Amino acid sequence: MIKAEFLENGRNKIIDKSNQEFFTDIAKKFGGYDETGSPSDLLVAALITCAMSTIESKARILDINVSGFHAKGDKIVEDDKIRKFVIEYHLPESLSAKHREKLEGVAKRCFVGKQLHPDIEKDFTFIYDVK
């Protein structure tokens, strides 16, 4: 199980199953720091954090606050191939239906997700429980 926490400006903290922490950044041209490894360094974490960064970037454009949002996810492996990513995003309960739709849409179109083979299913669940 990989867990991720959004920090700021496209930077995310990833905690692996041994409780070690890793960080990813988005590029400076997208408002990030570009100081640590790229999301492609860890496949599950890459998909989680790429979508989180995309959500945050869209939230800034929409001038809405998503502080405290977080996610967790895992992969389903069969016959030595990743068949499915299962990711759960927790976002502020205060978001309007219009903003929820926009943020969910951009998350599903994140860059890393678009690079994955179309046979790999991406099961994203959005839960609005962050106070």
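Preceding this section is the structure that the text describes.
Reading the values: the criteria
- Residues numbered from 1 in each chain as written.
- Predicted model: local features only at pLDDT ≥ 70, side-chain atom pairs only at ≥ 80, totals over all residues.
- Heavy atoms only, no water.
- Helix = DSSP H or I, 4+ residues; strand = E, 2+ residues; numbered from the N terminus.
- Rg over C-alpha atoms; globule rule 2.2 N^0.38 Å.
- Buried < 20%, exposed > 50% of the residue type's maximum accessible area, 1.4 Å probe, protein only.
- Contact = heavy atoms within 4.5 Å.
- Areas by Shrake-Rupley, 256 points an atom, 1.4 Å probe, with all protein chains shown as cover.
- Lys, Arg positive; Asp, Glu negative; His and termini not counted.
- Charge placed at Lys NZ, Arg CZ, Asp CG, Glu CD.
- Phe/Tyr/Trp six-rings, centres within 6.5 Å; stacked < 30°, edge-to-face > 60°.
- Lys NZ or Arg CZ within 6 Å of the ring centre and 35° of its normal.
- Pairing = 2+ DSSP bridges.
- Axes fitted to C-alpha atoms, helices over the stretch in contact; angles between N-to-C directions.
- Parallel < 35°, antiparallel > 145°, perpendicular 65-115°, else oblique.
- Left-handed = near helix turned anticlockwise from the far one by under 90°.
- Nonpolar A, V, L, I, M, F, W, Y, C, P; charged D, E, K, R; others polar.

Chemist: For this particular structure, what's the right way to read the overall build of the protein?
Modeler: Each helix and strand counted, the protein has three helices and six strands in total. When its helices and strands are written in sequence order, the protein yields β-β-β-α-β-β-α-α-β. Over its C-alpha trace the protein gives a radius of gyration of 14 Å, about what one expects of a compact globule, namely 14 Å for 131 residues. Here the protein holds 131 residues, and 40% of them are scored as buried. A fraction of 56% describes how many contacts in the protein between residues 6 or more apart in sequence connect residues 24 or more apart. Carbon and sulfur atoms make up 48% of the accessible area of the protein, which amounts to about 7,700 Å² in all. When the 21 positive and 22 negative side-chain charges of the protein are each reduced to one mean point, those points stand 4 Å apart.

Chemist: Please explain the packing of aromatic side chains as it appears in this structure.
Modeler: One pass over the full model with this rule turns up four aromatic pairs. Here the aromatic rings of Phe124 and Phe126 are separated by 6.3 Å at their centres, their planes lie at 75 degrees, and the arrangement is edge-to-face. Accessibility classification places Phe124 together with Phe126 in one group, the buried group. Directly above the aromatic system of Tyr128 lies the positively charged group of Arg100, at a separation of 3.9 Å from the ring centroid.

Chemist: Please explain the sheet that holds strand S3 (residues 21–24) as it appears in this structure.
Modeler: Within a sheet, neighbouring strands are paired by backbone hydrogen bonds and run either parallel or antiparallel to one another. As summarised here, the arrangement of the six strands in space is S3-S2-S1-S4-S5-S6, forming an open sheet in which the pairing is mixed. Edge positions in the open sheet fall to S3 and strand S6 (121–130), since each of these has one partner strand only. If you compare each strand with its neighbour and ignore which way they point, the axes differ by 25 degrees on average. Direction of pairing for strand S2 (residues 11–15) relative to S3: antiparallel, over a ladder of four bridges. Directly across from Ile14, in S3, lies its bridge partner Phe22.

Chemist: Looking at this structure, I do not really get the packing of helix H1 (residues 43–62) against helix H2 (residues 97–108). What am I missing?
Modeler: Any two packed helices are characterised by how steeply their axes cross, that is the angle between the axes, and by the distance between the axes. Where H1 contacts H2, the axes come no closer than 8 Å and their chain directions differ by 140 degrees. Comparing their axes, H2 and H1 come out oblique. Two packed elements cross with a definite hand, and for H1 against H2 that hand is right-handed. Residues Ala51, Thr54, Ile55, Lys58, Ala59 and Leu62 of H1 lie in contact with H2, whose contacting residues are His99, Lys102, Leu103, Val106 and Ala107. Residues of the contact of H1 with H2, tallied by class, amount to seven nonpolar, two polar and two charged.

Chemist: What should I look at first to understand the pairing of strand S4 (residues 70–78) in this one?
Modeler: Consecutive side chains along a regular strand alternate between the two faces of the sheet. Across four bridges, strand S1 (residues 2–8) lies against S4 in antiparallel orientation. Directly across from Lys3, in S4, lies its bridge partner Lys72. Pairing of S4 with strand S5 (residues 81–92) involves nine bridges; the strand directions are antiparallel. Within S5, the residue paired with Ala71 across the bridge is Tyr89. Where S4 hands over to S5, the hairpin turn is made up of two residues, of which Asp79 adopts a positive phi near 55 degrees.

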